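# Structure at a glance
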Amino acid sequence: MIASSELILNPDGSVYHLNLKPEHIAQDIIFVGDQNRVEKITKHFSSIEFSQQKREFKTQTGIFKGKRITVISTGIGPDNIDIVMNELDALVNIDLATRTPKDSLTSLNIIRIGTSGSLQADIPCDSFVMAQYGLGLDNMLRSYLIDSITENDIEDAFIQQTNWDMRKGKPYVIACSEQLEKRMESDSIFKGFTGTAGGFYGPQGRVLRLDIQDPELNTKMDSFNYNGTRMTNLEMETAAIYGLGKLLGHQCLSLNAIIANRATGTFSEDPYKAVDALIAYALDKLAE
């Protein structure tokens, strides 16, 4: 039995942060960072059966082309992903009444739809990137036992090629769900290697008033190459989703609309249009 201090429930029996009960979520789930983006997706639904919000975690479940889908806003960063992934798993794989793991486990399909900046000149603004790998620079996942799911050769190559300072913790690399990769791929989408940073400013090489540990890190990441695999974009959630998804037995995939290209110094003329196009693409693929 899991202690009440470890699995915290609200007085109505819902999980603590998400404020959800098992019947509130579908097997197919879309993650967005921004709570205001939830309804940009669910406006395409023919019906919405459930809506809930607590803090930055907004959830809506409804029907799109006959398929039941849940959309959840996670907020920003790996720490929030730790909350969302563990509480979603508890909803389907722990009996909340007895506080015991179920004998038969459920695997969720989780697709992140986000925005990101491209690190490569040939991946232009308004394009889509599917993350075949997530590179975690954040340390959150290292709180778990992850050696069985990491891509050690890619990690070692990244550490060597970037002269990574191990005082910041060892980067981790996790592959996406092959099942969802096949389900969501097409000729119109780039496949990439997505970096997940633990912050927006210094951890992503931005300098305002503070000096950063390695001013050349972004350039090193831009030129990283492992057997033809290049870093394509940088954001703050993908690797954490992939890692916890693999550990918990869920299928996870991250899709990003590219709204900026750092290599060319360009920004999308209409980033909202790019995001809307990616939403339509992902929904149609899910409904097939």
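Just above, that's the structure.
Residues numbered from 1 in each chain as written. Predicted model: local features only at pLDDT ≥ 70, side-chain atom pairs only at ≥ 80, totals over all residues. Heavy atoms only, no water.

### A look at a nonpolar patch on the surface
Put simply, the test is: Here a patch means residues that are over 30% exposed by relative accessible area and free of salt bridges, tied together within 9 Å if like-charged and within 5 Å if nonpolar (Val, Leu, Ile, Met, Phe, Trp, Tyr). The accessible surface values rely on the Shrake-Rupley method and a 1.4 Å probe; as for residues, cover is taken only from the protein chains in view. Should a side-chain nitrogen of Lys or Arg be within 4 Å of a carboxyl oxygen of Asp or Glu, the pair is scored as a salt bridge. Numbering of helices and strands runs from the N terminus, with a helix taken as a DSSP run of H or I at least four residues long and a strand as a DSSP run of E at least two residues long.
A contiguous nonpolar surface patch, about 340 Å² in accessible area, is contributed by Phe200, Tyr201 and Leu208. Secondary-structure assignment places Phe200 in the loop between strand 10 (190–196) and helix 5 (217–223).

### Focus: the pattern of salt bridges
Think of it this way: side chains of opposite charge can pair up when their charged atoms draw near. For clarity, the threshold we go by: Each residue's exposure class comes from its accessible area (1.4 Å probe, protein chains only) as a fraction of the maximum for that residue type: buried when under 20%, exposed when over 50%, partly exposed otherwise.
Following the criterion strictly, the structure yields 14 salt bridges and no others. Across the pair Arg68 and Glu49 runs a salt bridge whose closest N-O atoms are separated by 2.7 Å. Remark: Glu49 occurs in strand 2 (residues 47–54) and Arg68 occurs in strand 4 (residues 67–73); sequence separation between them is 19 residues. Exposure remark for Arg68: the relative accessible area of 29% places this residue in the partly exposed category. For Glu49, a relative accessible area of 47% translates into the label partly exposed. Taking the shortest distance from any N to any O, the salt bridge between Asp165 and Arg167 comes out at 2.7 Å.

### A look at the nonpolar core
Defined as follows: Here the nonpolar core consists of buried residues drawn from Ala, Val, Leu, Ile, Met, Phe, Trp, Tyr and Cys, with membership extended through side-chain atoms lying within 4.5 Å. Whether two residues are in contact is decided by their heavy atoms, any of which lying within 4.5 Å being enough.
Grouped together as the largest cluster of nonpolar side chains are 61 residues, with contacts concentrated most on Ile30, Phe31, Ile41, Leu88, Leu253 and Leu255. With eight residues, helix 7 (residues 271–287) is the largest single contributor of residues to this core. When sequence neighbours within four positions are dropped, the list of residues in contact with Leu255 reads Ile111, Arg112, Ile113, Gly114, Val129, Met130, Met184, Ile189, Leu278 and Ala282.

### A word on the pairing of strand 7 (residues 109–118)
Selection rule: In short, DSSP must find at least two bridges between two strands for them to pair.
Strand 7 sits mainly inside the fold: eight of its ten residues count as buried. With ten bridges joining them, strand 7 and strand 13 (residues 251–261) adopt parallel strand pairing. Bridging from a neighbouring strand, Ile110 pairs with Cys252 of strand 13. The sheet contact formed by strand 7 and strand 12 (residues 229–235) spans two bridges and is antiparallel. What sits directly across from Ser118, in strand 12, is Asn233.

### Structural notes on the packing of aromatic side chains
This is how the line gets drawn: Only rings of Phe, Tyr and Trp enter the pairing, Trp through its six-membered ring, and a pair is recorded when the two centres are within 6.5 Å. The plane angle decides the type: under 30 degrees is stacked, over 60 is edge-to-face, the rest tilted. The rule for a charge over a ring is simple: NZ of Lys or CZ of Arg within 6 Å of the ring centre, and within 35 degrees of the ring normal.
In the structure shown here, the tally under the stated rule is seven aromatic pairs. A ring pair is formed by Phe200 and Tyr201, whose centres lie 5.0 Å apart and whose planes are at 85°; its orientation type is edge-to-face. Assessed through its relative accessible area of 39%, Phe200 is described here as partly exposed. An aromatic cluster is defined as three or more aromatic residues linked by ring pairs; in this entry it consists of Tyr133, Phe158, Trp164, Phe193 and Phe224. The ring of Phe200 carries the charged tip of Arg206 above its face, separated from the ring centre by 3.8 Å.

### A look at the state of the cysteines
Keep this limit in mind: Sulfur atoms of two cysteines make up a disulfide when they are within 2.5 Å.
Under the defined criterion, the tally for this structure stands at zero disulfides. There is no disulfide at Cys252, and the cysteine sulfur nearest it, in Cys176, is 9.8 Å away.

### Let's talk about the layout of surface pockets
Rule in force here: Cavities and pockets were defined on a 1 Å grid built from protein atoms only: a cavity is a group of points that admits a 1.4 Å probe but offers it no way out, a pocket is an open group of points flanked by protein on both sides within 12 Å along at least five of seven lines, and a lining residue is one with an atom within 4 Å of any such point. Grid points are joined across faces, edges and corners, and a volume is the space filled by probe spheres set on the points. Any residue that is not Ala, Val, Leu, Ile, Met, Phe, Trp, Tyr, Cys, Pro, Asp, Glu, Lys or Arg is counted as polar, Gly included; the first ten are nonpolar and the last four charged.
If you add up the space inside the largest pocket, you get close to 830 Å³. Looking at the largest pocket, it is lined by 30 residues, and the ones nearest its centre are Thr115, Ser116, Gly117, Phe200 and Ile259. Mapped by element, the contributors of at least two residues to the lining of the largest pocket are strand 7, strand 12, strand 13 and helix 7. A per-class count over the lining of the largest pocket returns eleven nonpolar, ten polar and nine charged. If you add up the space inside the second largest pocket, you get close to 310 Å³. In terms of lining residues, the second largest pocket is bounded by 15 residues, among which Glu6, Leu7, Ile8, Asn86 and Glu87 are the most central. Considering each element in turn, the lining of the second largest pocket owes the most residues, six residues, to helix 2 (residues 78–93). Partitioning the lining of the second largest pocket into residue classes produces nine nonpolar, two polar and four charged.

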